[in-house]
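Structural overview
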Amino acid sequence: MKKKGILSVVSGFSGSGKGTIMKELLKNYKDQYALSISATTRKPRVGEVEGREYFFKTPEEFESMIENNQLIEYACYVGNYYGTPRAYVEEMLEKGKDVILEIEIQGALKVKEKFPDTLLLFISPPSAEVLKERLIGRGTEDMDTINKRLSRAFEESLGVENYDYFVINDDLATCVKEVHSLIQNEKSRASRNINYINHIREELKGFSKGE
Ligand code: 5GP
């Protein structure tokens, strides 16, 4: 019986280190996971490559993706659109891969509404001070954008209770293992194994008739 993969959403404040965690997860367990690449209208940062970090779109291109139902969800974040292309996610789940969406909270809640068995994980830095230091330290945004991202982090903190798990990213390797275990353990949940349960039940029924 081939099983569909688990759909997980990983969110976290900008600077929580979730991008690095995703890279490590894919490196360590590369046959297990598929990371969805989002479309965005944000400009590429230095070093970002089209089709690797994002599919970079003009607002017009993005709006036409919305109209053509090519996105599972989309949201506006600090002045730009971000969205999850549908086709890749559906194809990978069918193949049995565990698909990860690294998206912000509004999108996460929309995905959960559409696909209620989505696993929602929230990654947090150990403290707000560490978050600010990481954002400044990576040097990819100006101070105005950093401040906007920090106030967005406060807004996002108000919705964290909607997530299934809250993981603190203090030590990278420990955090990666924890995220991996949470996703893999989810496979044993009884409600995700209804087909198996029904199958075994049918077989048992056959035995019990003979009694
Ligand atoms: P960044 O500009 O730092 O790459 O991403 C900004 C925020 O947008 C992050 O919280 C990231 O998780 C989120 N994001 C990236 N892709 C998507 C997407 O497809 N949909 C939604 N809703 N958020 C996304």
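Anything mentioned here points back to the structure above.
Residues numbered from 1 in each chain as written. Predicted model: local features only at pLDDT ≥ 70, side-chain atom pairs only at ≥ 80, totals over all residues. Heavy atoms only, no water.

Within the protein chain, the secondary structure is distributed over eight helices and nine strands. Looking at the protein chain alone, contacts between residues at least 24 apart form 69% of all its contacts between residues at least 6 apart. Total accessible area on the protein chain is roughly 12,000 Å²; 53% of this is exposed by carbon and sulfur atoms. Treating the 31 positive side-chain charges of the protein chain as one cloud and the 34 negative ones as another, the clouds have centres 4 Å apart. (Helix = DSSP H or I, 4+ residues; strand = E, 2+ residues; numbered from the N terminus. Contact = heavy atoms within 4.5 Å. Areas by Shrake-Rupley, 256 points an atom, 1.4 Å probe, with all protein chains shown as cover. Lys, Arg positive; Asp, Glu negative; His and termini not counted. Charge placed at Lys NZ, Arg CZ, Asp CG, Glu CD.)

This next bit is on the pairing of strand 5 (residues 71-77). Of all seven residues that make up strand 5, five are buried, and the element is covered over most of its length. The pairing of strand 5 with strand 6 (residues 80-85) spans six bridges and is classified as antiparallel. Paired with Cys76 across the two strands is Tyr81, which belongs to strand 6. The hairpin turn running from strand 5 into strand 6, its antiparallel successor, is two residues long, and Val78 in that turn takes a positive phi close to 40°. (Buried < 20%, exposed > 50% of the residue type's maximum accessible area, 1.4 Å probe, protein only. Pairing = 2+ DSSP bridges.)

Counting 20 residues, the largest nonpolar core has Leu7, Val9, Val89, Val99, Leu101, Val111 and Tyr163 as its most contacted members. Elements represented by at least two residues in this core include exactly strand 1 (7-12), helix 3 (86-94), strand 7 (98-102), helix 4 (105-114) and strand 8 (119-124). Setting aside its immediate chain neighbours within four residues, Val9 contacts Leu101, Ile103, Ala108, Val111, Thr118, Leu119, Leu120 and Leu121. Grouped together as the second largest cluster of nonpolar side chains are 17 residues, Val10, Met22, Leu119 and Leu121 included. (Core = buried A, V, L, I, M, F, W, Y, C linked by side-chain atoms within 4.5 Å.)

Close contacts around the ligand come from 16 residues, with Ser38, Arg42, Tyr54, Tyr82 and Glu104 the closest. Here an oxygen atom of the ligand sits 3.3 Å away from a polar atom, N or O, in the main chain of Thr84. Its free accessible area being 510 Å², the ligand has 96% of it covered by the protein chains. Of all the secondary-structure elements, those providing two or more residues to the shell around the ligand are strand 5 and strand 6. (Near = heavy atom within 4 Å. Polar contact = N/O pair within 3.5 Å; in protein donor to acceptor, adjacent residues only side chain to side chain.)

A few words now on the packing of helix 1 (residues 18-28) against helix 7 (residues 172-185). Remark: helix 1 packs on helix 7, axes separated minimally by 10 Å, with the N-to-C direction vectors making an angle of 65°. Judged by the inter-axis angle, helix 1 sits roughly perpendicular to helix 7. The handedness of the crossing between helix 1 and helix 7 comes out as right-handed. Side by side, helix 1 and helix 7 meet where Thr20, Ile21, Glu24, Leu25 and Asn28 of the first sit next to Leu172, Cys175, Val176, Val179 and His180 of the second. (Axes fitted to C-alpha atoms, helices over the stretch in contact; angles between N-to-C directions. Parallel < 35°, antiparallel > 145°, perpendicular 65-115°, else oblique. Left-handed = near helix turned anticlockwise from the far one by under 90°.)

With respect to the element layout, Ser16 can be found in the loop between strand 1 and helix 1. For Ser16, a relative accessible area of 0% puts it in the buried group. The contact partners of Ser16, leaving out residues within four places of it in the chain, are Ile123, Pro125, Leu131, Arg134 and Asn169.

So, about the sheet that holds strand 6. Spatially, the four strands line up as an open sheet ordered 4-3-6-5, and their pairing is mixed. Both outer strands of the open sheet, strand 4 (54-56) and strand 5, are each paired with one neighbouring strand and no more. Each adjacent strand pair in this sheet contributes to an overall mean axis angle of 25°, direction not counted. Pairing between strand 3 (residues 38-40) and strand 4: three bridges, direction parallel. Across the sheet, Ala39 pairs through a bridge with Phe55, a residue of strand 4.

With respect to the helices and strands, the residue Ile103 is situated in the loop between strand 7 and helix 4. Sequence separation between Ile103 and Tyr165 is 62 residues; the distance between their C-alpha atoms is 15 Å.

Next up on the list: the packing of aromatic side chains. Evaluation of the coordinates by the stated rule reveals ten aromatic pairs. Aromatic side chains Phe122 and Tyr163 sit 5.2 Å apart centroid to centroid with 80° between the ring planes, which places their arrangement in the edge-to-face category. With Phe122 in strand 8 and Tyr163 in the loop between helix 6 (143-157) and strand 9 (165-168), the pair connects residues that are 41 residues apart, well separated along the chain. For Phe122, a relative accessible area of 0% corresponds to the buried category. Between Phe122 and Phe166, the ring centres sit 6.4 Å apart and the planes meet at 10°, which makes this aromatic pair stacked. Residue Phe122 is found in strand 8, and its partner Phe166 is found in strand 9; the two are separated by 44 residues along the sequence. On the basis of relative accessibility, which here comes to 46%, the residue Phe166 falls in the partly exposed class. Through successive ring pairs, a cluster of aromatic residues spans Phe13, Phe122, Tyr163 and Phe166. Here the basic side chain of Lys110 rests over the ring of Tyr74, its NZ or CZ set 5.1 Å away from the ring centre. (Phe/Tyr/Trp six-rings, centres within 6.5 Å; stacked < 30°, edge-to-face > 60°. Lys NZ or Arg CZ within 6 Å of the ring centre and 35° of its normal.)

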